[in-house]
Amino acid sequence: MSVSVAVIGGGISGLVAAYRLRCSLGPDADISIVETSSRLGGKLRTVDLGSGPVDIGAEAFIARRPEVPALLAELGLSDQIVYPAGLSPLIWSQGSLHRLPAGTLMGIPAGGDAVAGLVSSDTLSRISAERSVPFHWECGSDCSVAHLVSERFGDQVVRRSVDPLLGGVYSGLAETIGVRAALPTLAAALDAGATSLSDAVAAALPTPAPGPVFGALKDGYGVLLDALLGASGAKVITAAASGLRREGTRWFVDPIGTVDAVILAVPAPAAAALLADVAPVAARTAEEIRLASSAVVALRFAGDIDLPQNSGILVATDADLTAKAFTLSSRKWTHLAQRGDHLVRASFGRFGAAEIVESSDAELIALAREDLSTVTGITDEPTVAFVQRWHGGLPQYAPGHTAMVAEIEHGVAELAGVEVAGSWLHGVGVPACVAVAQTAAARICEGVAP
Ligand SMILES: Cc1cc2nc3c(=O)[nH]c(=O)nc-3n(C[C@H](O)[C@H](O)[C@H](O)COP(=O)(O)OP(=O)(O)OC[C@H]3O[C@@H](n4cnc5c(N)ncnc54)[C@H](O)[C@@H]3O)c2cc1C
């Protein structure tokens, strides 16, 4: 009899897992993807706003990690890879635009120079003197990024330099994100005995490497999703998986039926619900992982508009603006610039402020235009405006996250034939999701191989 595996969740994690299962288990394996939505892709979505495909969820990947380029090469899609035009982003703070601090670790500087002009002279003096202020870090401990940075450098560094970057990656705030999971190299430098935050950041900064940091797909992530689905040959079942229980050595997935193995590639709350009966301790821990909701408003302008020559604008959290960031997509990406129109993505919503995401489309579009006008002076009417809400879009890697994930994985390891994957485990970015999904699929294949 052929092996049967159900992959619950049809985001990038689930699609990669299904594809890897097919590669290893061969054509006879019965692989299904169970997805609650009628659309596959989860937080990846590509739409056509009139002049070609545009990503309105994730738009890029870290090109220095190998997973996405390797996957694209394997699927014959290497010619899809495009790189940014090389323009730098800006920060909106105190009513004006500033260059994004260079040489920081997620906005945390190793010295005052990086944030000069963005923070007050008092804050700059405090940063300069930081090495001489006694510092205590307990090896192996964790705390919020805000706690560490505000205690050493002051609140302005958190609000104007760190928050804008964490808002982009996690839809989070320095208060809701933990040092150990979000900044592992910083935690390692602190554990190794750094005697100041400045020294720890200096030690943790990545060695400059040649080549672009980010890449994207010319025709959007939709191309990758389609290729993965096609190559996986998986059967797609549109349903919400609502329960998981043992049936002898096999697993019963409600309402799908009995399978040999299961990969839960769903967000943490859904994984917690599915694990509740079979791994209650892991389930309770997964339940504690909180999610941030956000909304993206994509604005297309047909004619020429006076967009700054920058890739984007991040917004300080002490600024009087509703949007948290703008991607100036037609400046950031050459392939979009070549289409001859302009595209701007405004992002709204940070952890703990989900109300904004519930605003009507008209309200979100009006806010996007108003805030864009405030930061760039552009008042032109967009020819197309598209609103995408991402409910529960990004998990918060809170203090203690690494230990929580270890506990969840320990609990799941007891369940032969069950694996977890997804953005809430070892990184929210697409490359991390691909890596985790590949590991989950490999473990399942080891277990079910004859
Ligand atoms: C606005 C935004 C911008 C981003 N930008 C970037 C970026 O530029 N670069 C980058 O690398 N990353 C980015 N990310 C992060 C990245 O997109 C996500 O972390 C990643 O796509 C998550 O993939 P996933 O498959 O793990 O989860 P998801 O995409 O959440 O997929 C999980 C799927 O499970 C389904 N599901 C849930 N419950 C059930 C159930 N009970 N039964 C069946 N199905 C269920 C859901 O409907 C969903 O389709 C961004 C995220 C957001 C929200």
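Residues numbered from 1 in each chain as written. Predicted model: local features only at pLDDT ≥ 70, side-chain atom pairs only at ≥ 80, totals over all residues. Heavy atoms only, no water.

**A closer look at empty space enclosed by the protein**
To find leftover empty space, one rolls a probe the size of a water molecule over the atoms. If you walk through the whole model with that rule in mind, you get 2 cavities of 30 Å³ or more. Here the largest cavity is characterised by a volume of approximately 110 Å³. Those elements giving two or more residues to the lining of the largest cavity turn out to be strand E4 (53-55), strand E9 (214-217), helix H13 (334-337) and strand E18 (342-348). Top contributing element to the lining of the largest cavity by residue count: E4, with 3 residues. Of the voids in this model, the second largest cavity is the one considered here, and its volume is about 40 Å³. For the second largest cavity, the full set of lining residues is Ser 51, Val 54, Ser 330, Leu 336, Arg 339, Asp 341 and Leu 343. Within the lining of the second largest cavity, the residues separate by chemical class into 3 nonpolar, 2 polar and 2 charged. (1 Å grid on protein atoms, 1.4 Å probe; cavity = no way out; pocket = protein on both sides within 12 Å on 5 of 7 lines; lining within 4 Å. Points joined across faces, edges and corners; volume = space filled by probe spheres on them. Helix = DSSP H or I, 4+ residues; strand = E, 2+ residues; numbered from the N terminus. Nonpolar A, V, L, I, M, F, W, Y, C, P; charged D, E, K, R; others polar.)

**Side note on the sheet that holds strand E13 (residues 257-259)**
Spatially, 3 strands are ordered E11-E12-E13 in an open sheet, and the strand pairing comes out antiparallel. This sheet does not close on itself; its edge strands, each paired only once, are strand E11 (243-247) and E13. Strand after strand, the sheet turns through a mean of 30° between neighbouring axes, direction not considered. For strand E12 (residues 250-254) and E13, the ladder comprises 3 bridges, and the chain directions are antiparallel. Residue pairing across strands places Val 253 opposite Gly 257, the latter belonging to E13. (Pairing = 2+ DSSP bridges. Axes fitted to C-alpha atoms, helices over the stretch in contact; angles between N-to-C directions.)

**Topic: helix H14 (residues 361-376)**
The terminal C-alpha atoms of H14 lie 22 Å apart, and with 16 residues this matches the ideal 22 Å at 1.5 Å per residue to within 8%. Here H14 has its buried residues at Leu 364, Ile 365, Leu 367, Ala 368, Asp 371, Leu 372, Val 375 and Thr 376. For H14, the angular spread of the buried residues around the axis is 160°, confining them to a single face. For H14, the exposed residues lying more than 90 degrees away from the buried face are Ala 362 and Glu 370. Count one or two residues on from H14 and you reach Gly 377, which has phi positive near 80°. (Expected span 1.5 Å × (residues − 1). Buried < 20%, exposed > 50% of the residue type's maximum accessible area, 1.4 Å probe, protein only. Arc of directions from axis to C-beta.)

**Notes on the pairing of strand E16 (residues 312-315)**
Side chains of E16 alternate between two faces, with Gly 312 and Leu 314 and Ile 313 and Val 315 buried alike. Pairing of strand E7 (residues 90-93) with E16 involves 3 bridges; the strand directions are parallel. Paired with Ile 91 across the strands is Leu 314, a residue of E16. As judged from the 3 bridges shared by E16 and strand E17 (residues 325-327), these two strands associate in the antiparallel manner. Counterpart to Gly 312 in the pairing with E17 is Thr 327.

**Examining the sheet that holds strand E20 (residues 418-420)**
With respect to topology, 5 strands assemble into an open sheet ordered E10-E2-E1-E14-E20, the strand pairing being parallel. Of all strands in the sheet, those with a lone pairing partner are strand E10 (235-238) and E20, marking the two edges. When strand polarity is set aside, the average angle formed by the axes of neighbouring strands in this sheet is 20°.

**Topic: the domain arrangement of the protein chain**
The domain architecture assigned to the protein chain consists of domain 1 (4-40 + 221-290 + 398-448), domain 2 (60-100 + 205-219 + 291-395) and domain 3 (104-204). Taking only C-alpha atoms into account, the centre of domain 2 sits 25 Å from that of domain 3. Counting residues at the interface gives 21 residues for domain 2 and 24 residues for domain 3. Of the roughly 1,700 Å² buried between domain 2 and domain 3 on both sides combined, carbon and sulfur atoms contribute 56%. If you sort the residues of domain 2 by the area they bury against domain 3, Leu 205, Thr 317 and Phe 351 come out on top, with a joint share of 34%. Linking domain 2 with domain 3 are 1 salt bridge. Asp 318 serves as the salt-bridge partner of Arg 160, at 2.9 Å between the closest nitrogen and oxygen. (Domains from an automatic or database assignment. Contact = heavy atoms within 4.5 Å. Buried area = accessible area lost by both parts, 1.4 Å probe. Salt bridge = Lys/Arg side-chain N within 4 Å of Asp/Glu carboxyl O.)

**What about the pattern of salt bridges?**
Evaluation of the coordinates by the stated rule reveals 14 salt bridges. Close ionic contact of Arg 152 with Glu 130 constitutes a salt bridge, the shortest N to O distance being 2.5 Å. Taken together, the residues span a long stretch of sequence, with Arg 152 in helix H4 (residues 145-153) and Glu 130 in the loop between helix H3 (121-129) and H4 at a distance of 22 residues. Relative accessible area serves as the criterion here: at 7%, Arg 152 is assigned to the buried category. Among the residues examined, Glu 130 registers a relative accessible area of 1% and is labelled buried. The partner of Glu 419 in a salt bridge is Arg 443, with the nearest N and O atoms 3.2 Å apart. Here Glu 419 is found in strand E20, whereas its partner Arg 443 is found in helix H16 (residues 430-448), with 24 residues between them in sequence.

**Let's talk about the packing of H3 against H4**
It is the contact of H3 with H4, at a shortest axis distance of 8 Å, that shows an interaxial angle of 95°. Looking at the two axes, H3 sits roughly perpendicular to H4. Across the interface between the two elements, Thr 123, Arg 126 and Ile 127 from H3 touch Ser 150, Glu 151, Arg 152 and Phe 153 from H4. Across the contact of H3 with H4, the residue classes tally to 2 nonpolar, 2 polar and 3 charged. (Parallel < 35°, antiparallel > 145°, perpendicular 65-115°, else oblique.)

**Overview of the site of the ligand**
By nearness alone, 34 residues border the ligand, and Ser 13, Glu 35, Lys 43, Val 428 and Val 430 come closest of all. One of the backbone nitrogen or oxygen atoms of Ala 60 is found 2.7 Å away from a nitrogen atom of the ligand. Val 430 places a main-chain nitrogen or oxygen 2.7 Å from an oxygen atom of the ligand. Protein contacts shield 87% of the accessible area of the ligand, which totals 1,000 Å² for the unbound molecule. Elements supplying a minimum of two residues to the shell around the ligand: helix H1 (12-25), strand E2 (30-35), strand E19 (384-395) and H16. A total of 3 residues in the shell around the ligand trace back to one element, the largest contributor, which is H16. Here the residues of the shell around the ligand are counted per class, giving 20 nonpolar, 11 polar and 3 charged. Residue contributions to the shell around the ligand reach at least three from each of two domains, namely domain 1 (4-40 + 221-290 + 398-448) and domain 2 (60-100 + 205-219 + 291-395). (Near = heavy atom within 4 Å. Polar contact = N/O pair within 3.5 Å; in protein donor to acceptor, adjacent residues only side chain to side chain. Areas by Shrake-Rupley, 256 points an atom, 1.4 Å probe, with all protein chains shown as cover.)

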